[in-house]
Amino acid sequence: MDQGMKTTYHDFLVVGGGPAGIQAGILLQNKNLDYLILERTSAVGAHWSHYPRHRSLISINKRFTGSDNAEFNLRHDWNSLLTTAESQKPFTEYTDELYPSADTLLQYLKDVVVNHDLNIKYETEVSYITKSNGLFRVSSGHEVFECKHLLLGMGGKPWFPNVPGIDLPEIDTYENVSLDKKLFENKRVLILGKGNSAFECGEYLANTASILHFVSPRQIQFAWNTHYVGDLRAVRNNLLDMYQLKSQHAILNGSITNIDYDPNCADGRFKVDFAFSLTPEDPVSTIYYDNIIACTGFKYVDTSMFDPEKIPVQIDERPALRGKFPKVDPDWQYAGVENMYAIGAPMQTVNFRKNAGGFIHGFRYTIKTLVDLIAEKSFDIPYPSTKLSNYNISDLADYMSSRMNSCSSIYQMYNELCDVIKYNRETDSFTYYKDYPLGLLSRKFRADEIVTFTFNFGCRGGEDAFTYVLEATPESPEKSIFIHPVIRSYDSTFGVKDELHLLENLESTWDDEELHLQPLRSMLRRSYKMHVVMAEQEQRTKAS
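Before going into details, it helps to say that this report is about the structure given with it. What you are looking at is a predicted structure, and each value in this text was computed from that prediction instead of being measured.

### Description of the overall build of the protein chain
Moving on, step 1. Tallying secondary structure elements over the protein chain gives 11 helices and 23 strands in all.
Moving on, step 2. Here the C-alpha atoms of the protein chain give a radius of gyration of 26 Å, agreeing with the 24 Å that 2.2 N^0.38 yields for 544 residues.
Moving on, step 3. With the C-alpha coordinates of the protein chain rotated into their principal frame, the extents come out at 95 × 70 × 45 Å.
Moving on, step 4. With 544 residues in all, the protein chain has 53% of them scored as buried.
Moving on, step 5. For the protein chain, long-range pairs separated by at least 24 residues make up 64% of all intrachain contacts whose partners lie at least 6 apart in sequence.
Moving on, step 6. Here the protein chain has roughly 25000 Å² of accessible surface; of this, 48% comes from carbon and sulfur atoms.
Moving on, step 7. Between the averaged position of the 55 positive side-chain charges in the protein chain and that of its 71 negative side-chain charges there is a distance of 2 Å.

Structure below.
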């Protein structure tokens, strides 16, 4: 024990009082588990007090869906947490804006904390984390907090690519660029990046700057094509109109080889050298700018705060992640560090760019699943399930159809979370598990006794979202492009033995008798028959 240091123990420590930390606190509290949230500032949601810089969120706040089903409505409410306090209103009742202000989100988070009476210690900045005898020791000032389970939900810190000159102090960054438009009047501005933060800044200056150029080595990825909500959203891309209609602002695909600064240069303070020829007739690859704004994203791993011998945090080296995230296992545990888990944005690395895992409307569900997994592993609290006794195949299909038409969890976390239907041979009944990780099926289940249901998108083959001709038919539902249910059964090695795609539907409902329910029942009968045969074989073996 450190001399003169006050030491406090909790079963769980949650580092960070943002949406992820608050969600974890609610779920731990619901299970009567001992926890404490450590927040470095004097209020929750500190990240959102500064970001987005221009205050408008890009998370959908769809107030009306035509349904009074609260679970269905969460499909289109991207800001609410999974709350349980009766006094807590959903986020949709806070504002009628489709893309609300971050200030509204801040107020919502503060209300959630008060209404759930969460256990939070403010102004507690974590400086160092080590581990001894199976317990984490988290240092903050003159205090040490010990725990068995550590959930890390700190916000990201600015990340910059390896570009010579990018560290010049005269370069503005997304986090510190001035919001005073007059400073940019009639200026030539280069924005580093082509993501939502880059276009957020560009849109703000579109009618102020004389020239706006956006540059990165990668082409723009549109969310409407990729279905990844972190890619460029339509609400941020009005500037592309001006580019395509040749109104000066432009998009550059290429790399920067060097940035120089000369405050006395008549052509512009910044001389930028590019690794491409800008036009076929002009081989010169140097342009001058008055201002540069770096909008290059955030990094969600800081190895300096960990004891390298006791907590060897690994960086995920996959090229697409560019060293911004820790390496985590399918259960969101830090690779090689028992009982230390990522919550919030880093959870998306399990299935990167494939669903909403890095955003509130995704990680509210993965955090719930994570808490359920830990509760089962460490506290013998069974993973939540529902016994379906006296259910025949039609009953089971109806139950699954109801989930398909209402659930938000696997709708947002498609192809990562799934529902698992386990056949109980001894009782000839089913047990239904919701929101289980596809990557962990073999940890809990026998392959030959389960059927899974998840959602997925199809593949357009690179074609634009608005020009693609739909090919799916009742005879070929596997060609469905939009989100649709996928049901699978498995062989003994968890290879897919049978797979059913239910035909995509304009309103995302799957209750048509011929198109959806009959194929679902047929699929379940095939799997059910297999289970019955195996059960009879086991009984004959025991009898002999």
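### A closer look at helix α8 (residues 393-404)
Moving on, step 1. Relative to the 16 Å expected for 12 residues at 1.5 Å per residue, α8 spans 16 Å between its end C-alpha atoms, a close match to the ideal helical length.
Moving on, step 2. Among the residues of α8, Ile 393, Leu 396, Ala 397, Tyr 399, Met 400, Ser 401, Arg 403 and Met 404 are the ones counted as buried.
Moving on, step 3. N-capping of α8 is provided by Asn 392, with a side-chain oxygen placed 3.1 Å from the backbone N of Ser 394.

### As for the pairing of strand β4 (residues 128-132)
Moving on, step 1. One ladder, built from 5 bridges, connects β4 with strand β5 (residues 135-140); its direction is antiparallel. Counterpart to Tyr 128 in the pairing with β5 is Ser 139.
Moving on, step 2. Hairpin connection from β4 to β5: 2 residues lie between these consecutive antiparallel strands, with Asn 133 at a positive phi of about 55°.

### Focus: the side chain of Lys 324
Moving on, step 1. Tracing the backbone shows Lys 324 in the loop between β16 (298-299) and β17 (340-342).
Moving on, step 2. Although Lys 324 is buried, it makes no salt bridge; Asp 231 carries the closest opposite charge, 10 Å away.
Moving on, step 3. Excluding anything up to four places from it in sequence, Lys 324 contacts Trp 159, Thr 296, Gly 297, Phe 298, Lys 299, Tyr 300 and Val 301.

### Re the environment of Ile 360
Moving on, step 1. Position of Ile 360 relative to the elements: it lies in helix α7 (residues 360-379).
Moving on, step 2. Judged by its relative accessible area of 9%, Ile 360 is buried.
Moving on, step 3. Remark: the alpha-carbon pair of Ile 360 and Asp 77, spanning 283 residues in sequence, is separated by 9.7 Å.

### As for the nonpolar core
If you look at soluble globular proteins, the nonpolar side chains tend to sit buried side by side.
Moving on, step 1. In terms of nonpolar packing, the biggest core is built from 79 residues, with Met 400, Phe 455 and Ile 487 touching the most fellow members.
Moving on, step 2. The element that contributes the greatest number of residues to this core is α7, accounting for 9 residues.
Moving on, step 3. Once you skip the residues sitting within four places of it in the chain, Phe 455 turns out to touch Arg 75, Met 404, Cys 407, Ile 410, Tyr 411, Tyr 414, Asn 415, Ile 483, His 484, Pro 485 and Trp 510.
Moving on, step 4. Tyr 174, Val 177, Cys 201 and Leu 212 belong to the second largest nonpolar core, which has 23 residues in total.

### Structural notes on the packing of helix α1 (residues 19-30) against α7
Moving on, step 1. Packing of α1 against α7 leaves a shortest axis separation of 9 Å and a crossing angle of 35°. For α1 against α7, the interelement crossing comes out right-handed. Counting all contacts with α1, which are made through Pro 19, Ala 20, Gln 23, Ala 24, Leu 27 and Leu 28, the residues of α7 involved are Ile 360, Phe 363, Arg 364, Ile 367, Lys 368 and Val 371.
Moving on, step 2. Looking at side-chain class alone, the contact of α1 with α7 contains 9 nonpolar, 1 polar and 2 charged residues.

### Observations concerning the pattern of salt bridges
Side chains carrying opposite charge are able to pair once their charged atoms draw close together.
Moving on, step 1. Taken as a whole and judged by the stated rule, the model has 20 salt bridges.
Moving on, step 2. For Glu 338, the salt bridge identified is with Lys 377, shortest N-O distance 2.7 Å. Pair noted here: Glu 338 is in the loop between β16 and β17 and Lys 377 is in helix α7, with a separation of 39 residues, a long-range link.
Moving on, step 3. Judged by relative accessible area, Glu 338 falls into the partly exposed class, the value being 41%.
Moving on, step 4. For Lys 377, a relative accessible area of 44% puts it in the partly exposed group.
Moving on, step 5. Between Arg 488 and Glu 499 there is a salt bridge whose closest N-O contact spans 2.7 Å. With Arg 488 in strand β22 (residues 484-490) and Glu 499 in strand β23 (residues 496-501), this residue pair connects regions lying 11 residues apart in the sequence.

### Description of the environment of Lys 387
Moving on, step 1. With respect to the element layout, Lys 387 can be found in strand β18 (residues 386-388).
Moving on, step 2. Along the backbone, Lys 387 and Ala 206 are 181 residues apart, and their C-alpha atoms lie at a distance of 58 Å.
Moving on, step 3. With residues near it in sequence (within four places) discarded, Lys 387 still touches Phe 430 and Thr 431.
Moving on, step 4. A polar side-chain atom of Lys 387 sits 3.3 Å from a polar atom in the side chain of Thr 431.

### Here's the deal with α7
Moving on, step 1. Compared with an ideal rise of 1.5 Å per residue, which puts 20 residues at 28 Å, α7 spans 27 Å between its outermost C-alpha atoms and is within 8% of the ideal.
Moving on, step 2. A large share of α7 lies buried, amounting to 15 of its 20 residues.
Moving on, step 3. Once α7 finishes, Asp 380 follows within two positions and takes phi at roughly 55°, a positive value.

### Notes on the sheet that holds strand β11 (residues 250-253)
Sheet strands line up and pair through hydrogen bonds in the backbone, either parallel or antiparallel.
Moving on, step 1. In space, the 5 strands of this open sheet follow the order β8-β15-β9-β10-β11, with parallel pairing throughout. Since the sheet does not close on itself, it has two edges, and those belong to β8 (172-173) and β11, each with one partner.
Moving on, step 2. Across the face of the sheet, helix α4 (residues 196-205) comes into contact with β9 (188-192), β10 (211-216), β11 and β15 (291-294) while running at roughly 175° to β10.

Procedures and definitions
Residues numbered from 1 in each chain as written. Predicted model: local features only at pLDDT ≥ 70, side-chain atom pairs only at ≥ 80, totals over all residues. Heavy atoms only, no water. Helix = DSSP H or I, 4+ residues; strand = E, 2+ residues; numbered from the N terminus. Rg over C-alpha atoms; globule rule 2.2 N^0.38 Å. Buried < 20%, exposed > 50% of the residue type's maximum accessible area, 1.4 Å probe, protein only. Contact = heavy atoms within 4.5 Å. Areas by Shrake-Rupley, 256 points an atom, 1.4 Å probe, with all protein chains shown as cover. Lys, Arg positive; Asp, Glu negative; His and termini not counted. Charge placed at Lys NZ, Arg CZ, Asp CG, Glu CD. Expected span 1.5 Å × (residues − 1). Polar contact = N/O pair within 3.5 Å; in protein donor to acceptor, adjacent residues only side chain to side chain. Pairing = 2+ DSSP bridges. Salt bridge = Lys/Arg side-chain N within 4 Å of Asp/Glu carboxyl O. Core = buried A, V, L, I, M, F, W, Y, C linked by side-chain atoms within 4.5 Å. Axes fitted to C-alpha atoms, helices over the stretch in contact; angles between N-to-C directions. Left-handed = near helix turned anticlockwise from the far one by under 90°. Nonpolar A, V, L, I, M, F, W, Y, C, P; charged D, E, K, R; others polar.

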